[in-house]
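Breakdown of the fold
Residue-level listing of the chains:
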There are 2 protein chains.
Amino acid sequence: MEPADLTQGDFTLPGEAGYEQLTLRLAKKWGADTIRDSDGTQLSPEIVQSGYAIYSTVCLVRSIQPWAREHHDQLQQNFLMSFPVVAEKATTTITLLAGYYAEQFTVNWQDSPKQWWQVFDRTTGKEVAKARWAVNPKKGTVTIHGTVPGHKYTVNFLALRLWEEISMYNHLTNNWGDREHLAAVDPMQPAVQKQLLAFLERWLVEHKDTKVVRFTSMFYNFSWFWGADHARLRDVYSDWGDYEMTVSPRALKLFEKKFGYRLTSEDFVNGGLYNSTHNAPSRRYCDYMEFIHEFVIEFGRRCIDLVHKYQKLAYVFYDDHWVGVEPNSPRFAEFGFDGLIKCVFNAFEVRLCAHSTGVKTHELRLHPYLFPTGLKGEPTFKEGGNPTLDAKNFWIDARRGLVRAPIDRIGLGGYLSLVEPFPDFQDYIEGLLKEFRLLKSFHASGQPWVAPFKVAVLTAWGNLRAWTCSGHFTPGVELYAVLESLAGLALDVQFISFDDLVAEGVPPGVKVIINAGRAGTAWSGGHFWSNPEVEAILTQFVQKGGGVVGVGEPSALAQPGQLFKLAQVFGLDRDSGERLANGKFKFAKPEGAFAPHFITADLPAGVAPDFAKDVDGIYVHGPDTQVLAERDNSPRLAVHGFGKGRAVYLSGFKFTPENTRLLHRALYWAAAKEAKWSVWSSANIRTEATYFPKARKLVVINNAGTDETTTVTLGDGATTQAVKLPAHGIAILDA
Amino acid sequence: MEPADLTQGDFTLPGEAGYEQLTLRLAKKWGADTIRDSDGTQLSPEIVQSGYAIYSTVCLVRSIQPWAREHHDQLQQNFLMSFPVVAEKATTTITLLAGYYAEQFTVNWQDSPKQWWQVFDRTTGKEVAKARWAVNPKKGTVTIHGTVPGHKYTVNFLALRLWEEISMYNHLTNNWGDREHLAAVDPMQPAVQKQLLAFLERWLVEHKDTKVVRFTSMFYNFSWFWGADHARLRDVYSDWGDYEMTVSPRALKLFEKKFGYRLTSEDFVNGGLYNSTHNAPSRRYCDYMEFIHEFVIEFGRRCIDLVHKYQKLAYVFYDDHWVGVEPNSPRFAEFGFDGLIKCVFNAFEVRLCAHSTGVKTHELRLHPYLFPTGLKGEPTFKEGGNPTLDAKNFWIDARRGLVRAPIDRIGLGGYLSLVEPFPDFQDYIEGLLKEFRLLKSFHASGQPWVAPFKVAVLTAWGNLRAWTCSGHFTPGVELYAVLESLAGLALDVQFISFDDLVAEGVPPGVKVIINAGRAGTAWSGGHFWSNPEVEAILTQFVQKGGGVVGVGEPSALAQPGQLFKLAQVFGLDRDSGERLANGKFKFAKPEGAFAPHFITADLPAGVAPDFAKDVDGIYVHGPDTQVLAERDNSPRLAVHGFGKGRAVYLSGFKFTPENTRLLHRALYWAAAKEAKWSVWSSANIRTEATYFPKARKLVVINNAGTDETTTVTLGDGATTQAVKLPAHGIAILDA
């Protein structure tokens, strides 16, 4: 193998006008090949013409002010559900925007309310006939006639958005005073498309030194509805992956033309739940997502073609306005993007970026951003901060993913001037970049070794939401924690949906299926479990020797007398309270914190598993279910043989070294591959080993902020090697 | 008022042959007027002819052995669901009784399986066509053809019961070896009726000295299905109030004739849940209960008439075979019983006994029973026991109910000889009986004072299950604990069903409605909340000034985006996990364990409420909801004004002096009667005051095992009186 140049390339540096000397010094020290602007920074001609590739950001839908604010009918909009009002008399008036933030929303009166809106009696669940309500645009109200006292009413109405949410958030968070409120235009309107393409062409002409055009991102932001009372209910609704903010009468008409049926406001409002990515989606909403995705590809492609026409590269930032972009979609390649950039806190986000096909370049934006304070207001690059330690801690989180999957570039963002007083930070980043380039060179040699079986994660979304759930980590969603564990393990993981499973069965080579989440969620599967084929396919899969690992409420679907559709497979079920009169099988309680078993072998003795807020009310079906840990008679960890296969149940999950190891062992056990466990394994759970067979390199990482020693078992499954690792450290061994 | 004779009468003593002298001495000391036999004891002629009224027990359905065992076709039966079997091939065989206790059950092959049984594919939820399965009586199996591999199948079949459950329980618990297994005959069979009436008449002739015939109870036991593995799953299913064990082809045919529609096995099996009293019942099952109740009244009346024909009194014991008897039913009087006897552990059971109309005499059987050991095997009347302390503790539990509601008699059960070595016990019972007779005399003068508003408890069962849920106290059912608190409070409490509410609205005088229980249960209401009238009636009730107190998951019915139908009224709702993307209103967290408020005024400072295993995931709707206590941002205690009325929410409940006071105050606050709170109230929460206006007596009881002092506020709401009470003590004051 050709030794890689570890000092140079694959790095995007944030430049800063006024700090030209620093910019160029650090560009050299850190081996940058590209210099970028950032939100709030500019590049001076001195930097732009320094010979580095120049990378500039553009956000199209916010770009055409004040045209946007002068054309309210061309703004983005969405359905809102008015806050419920309880009728006292036969006539009830609802103020549509009561409770919502008036600077974000204005009622769309221009498109016929009678055509697009709906009024619901939420007590009966039925729609109120259109003849029974009337709008009053002056007062901003709807008056409903024939209301039943004691019943609760809501109006689904269209609201135009006056203030683009990222602009709004930054403006209010940073007290920007009278700085302009940027509005986001609706890219589906022909007039808007004309404006945007003209703007983009102008911008491309003006940015003659720019090599990389970074879109932030395409057109639609994730859903974020603000309340009037910012102190107590700022976020009425927010979801990183929801398409609520793409809707308009034009979109609905085009949808109907294409799909042959009409969506209603309630398809979007859904009783006030909207269509959170965390809940199992309806077929109709999935159709709508497909429709928007196609539109974003079509119009996005026109923008990207323009970039290419000017001999520039088009990159997309996967963080804010990515709705409809869907980097995991098989159609993502149709955009023609050259690069995908993901801001990462976690290893699963590294895997998410690496997972996207259809771009040549996968780039990470690392934390800490070069800002005075961190995300929670803690000091970073200022008095009291320790940016080097922050960088180390962010790095060990992300690095677990980087050793498992190839990433092409990394970069930083923010105000470069802030790093000037921190020479140790400058040195640390220099070393970090060498580490990154070395790992990249190993990946270039070939894929790292993985376990001799494949693992599939089964969710309602399948591959579309692979290596994420809905954006950044959210506490309380077990699958995020599971993904974070998986992201650093030597496993071949794929993501399948229930539709995939029904259409094609369990994918070839998959020996273990993970189903992790709470009842009703997209992660457990919700209504998708009502298809009996799902239960039959998975039950047979295990009967014939496959394995399942369930977390929380796997396969949950409320049925009389049963919650888990795979209860027979797991050898247990959850009582949601209806089985008070049904006896519970008594099981042998483990002595101590947990019972000895292959899967618990690396847990620290005497410490009960910490699965965060886990599920209770679990009961077992019989003596074949072995309970490895329990609390208040509810199993928390159990294993069960079913047919020729095996099932493992965990009542919850949290990302810790202990649980990562537990999950890793559970997967081996469920796959009946315990005999292969020791191959390329590292004994110390705070360390992980990755072997690159082509490069013949063994990489051992220390995921802890303390010095660690470990013993790595080599590829023969027998020979061991002792390794010492400094805090946050890495060891590269020939093997 | 005539001073009552406190030394004599209203007491049933258990006599014991061989201990004639003791029996007669204690009959005198304790002022007995009646002497009874007990299970396992007999009365000698010396006792029988001593001049006391004689009370003898009889259990009809167990009385005709060996006839019962020789006529299997005349035994009681029930539907069982076979344990589920997962198909591996296109043919699947299920052993019907696998997992069930073979000494209790035998398959009923004699009544056409194809007519009465059903086979279900539990994966699809659909019935398997009758042509697709065949029985094999020799092997005890059903073979199903065309099964789908991976699907789960069960058979609903009729099983005859070979061993009556109380006989079985006592036999196995006490290791009775080869003593005979009593079988229970089916009273709906004409041949059985003939046998039973002949037996009863013979018995009445033979028991010429018996004055009181105590039935144990009528014909049908509560449901109790035993498993084969007694160590690990003895109770496959058990419910104190379920009618599962009354069914037979004859009953189903008669039902169809009467109600005009046919019930199926699945109406009884219900996916293996059966029809637990704790779950909201179906309309069909309610019809069936009505049918059985009518039958039990009809045939029961014939038995009671026979008793009366022999100049004896007929009492019924309300503990085991009371299914179909329903002492709270408006039709209960039709039996013609002279007395009702209830064994009591708790105050709510005292109220339950007192609540029954249609009998002249309400009698309690007190604990401890005169057995060597208590219910959990702890010593009572033997080395290491302290029966006097036990008696005191049982008495203070029951006495709370006795001061609130009139009871006519009390009694004991068991082996009288056991009390001989415990003279302090003999003395304590003598004093206890005087206390009872004094309280009875106060009730005779007129009802005790109650708060100036009525309270209704709303459940699926309404008055039919007033002052109980399903038999004795069961942990994990909030309403039991609520009832136990209510049982000792100076309140006029009634019980209404959803049907009552829809038919007649909120009853006159009711100012507060309690709805307490978990989603889906009969106590919260389950599917009864799907009738929008229920929500409308209660919402309007509060709008116009009424009050509601909700515990756990009041008004719960799963709907998109909402769980509590009365969410607007309570000002809060529970997120069952689907609202991850919906923002939660931030509320002011109480400083310390709880916020100061009228309802928390008597809680011990700094101690968070103990509501046992309470509900989490509660969120509030806005600033009008005042959170008085919370945990992990989930309100545990909250108050909310709605319209002119008020709502109180408690996330759980447990019977403690603190919670009893909290509930008491919550009811006053919800009724907007805080100004009246002090009237006849006792400051010390371990004490309670009851005022008998006609007798002008103020009774203050100490519910604690420690000496207590308190201050009672008199009827003017202002004057106070200090009271000192010994442990377990009572004070009677003129007022």
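Residues numbered from 1 in each chain as written. Chains lettered and ligands numbered in written order. Predicted model: local features only at pLDDT ≥ 70, side-chain atom pairs only at ≥ 80, totals over all residues. Heavy atoms only, no water.

**Some remarks on the sheet that holds strand β31 (residues 687–692) of chain B**
Residues and elements named next belong to chain B. One open sheet accounts for 3 strands, arranged β31-β32-β35; its pairing is antiparallel. Each end of this open sheet is capped by a strand with a single partner; those strands are β31 and β35 (730–734). Neighbour-to-neighbour, the strand axes of the sheet open up by a mean angle of 20°, direction not taken into account. On the sheet, helix α12 (residues 387–402) packs against β31, β32 (697–702) and β35 and is oriented at approximately 150° with respect to β32. Strands in contact with helix α13 (residues 423–445) are β31, β32 and β35; relative to β35, the strand with the most contacts, it is inclined by about 35°. (Pairing = 2+ DSSP bridges. Helix = DSSP H or I, 4+ residues; strand = E, 2+ residues; numbered from the N terminus. Axes fitted to C-alpha atoms, helices over the stretch in contact; angles between N-to-C directions. Contact = heavy atoms within 4.5 Å.)

**Digging into the confidence of the model for chain A**
For chain A, per-residue confidence averages 96 on the pLDDT scale, and residues scoring 70 or more make up 99% of the total. Both scores are given for the predicted complex: the pTM is 0.96, the ipTM 0.94. (pLDDT = per-residue confidence, 0-100.)

**A short note on the pairing of strand β1 (residues 11–14) of chain B**
Residue and element names in this part refer to chain B. Of the two faces of β1, the one holding Phe11 and Leu13 and the one holding Thr12 and Pro14 are both buried throughout. For β1 and strand β19 (residues 409–411), the ladder comprises 2 bridges, and the chain directions are parallel. Across the sheet, residue threonine 12 finds its bridge partner in β19, namely glycine 411. Note: β1 against strand β2 (residues 34–36), 3 bridges, orientation parallel. (Buried < 20%, exposed > 50% of the residue type's maximum accessible area, 1.4 Å probe, protein only.)

**Quick word on the interface of chain B and chain A**
Facing 55 residues of chain B, the contacting portion of chain A comprises 55 residues. A buried area of about 4,300 Å², summed over both sides, lies between chain B and chain A, and 53% of it is on carbon and sulfur atoms. Linking chain B to chain A there are 2 salt bridges. For aspartate 616 of chain A, the salt bridge identified is with lysine 613 of chain B, shortest N-O distance 2.4 Å. Scanning the region where chain B abuts chain A turns up 22 residue pairs in polar contact (both at pLDDT 80 or more). Elements with a minimum of two residues in the side of chain B that touches chain A: α7 (230–233), β15 (235–239) and α16 (532–543) of chain B. The element that contributes the greatest number of residues to the side of chain B that touches chain A is α16 of chain B, accounting for 6 residues. (Buried area = accessible area lost by both parts, 1.4 Å probe. Salt bridge = Lys/Arg side-chain N within 4 Å of Asp/Glu carboxyl O. Polar contact = N/O pair within 3.5 Å; in protein donor to acceptor, adjacent residues only side chain to side chain.)

**Considerations on the sheet that holds strand β6 (residues 91–95) of chain A**
All names here are of chain A. In space, the 3 strands of this open sheet follow the order β6-β11-β10, with antiparallel pairing throughout. Across the chains shown, the open sheet's two edge strands, defined by having one partner strand only, are β6 and β10 (133–136). The average angle at which neighbouring strand axes cross in this sheet is 20°, direction not considered. Where β6 and strand β11 (residues 141–145) come together, 5 bridges link them in antiparallel fashion. Each residue of the ladder has a partner; that of threonine 91, found in β11, is histidine 145.

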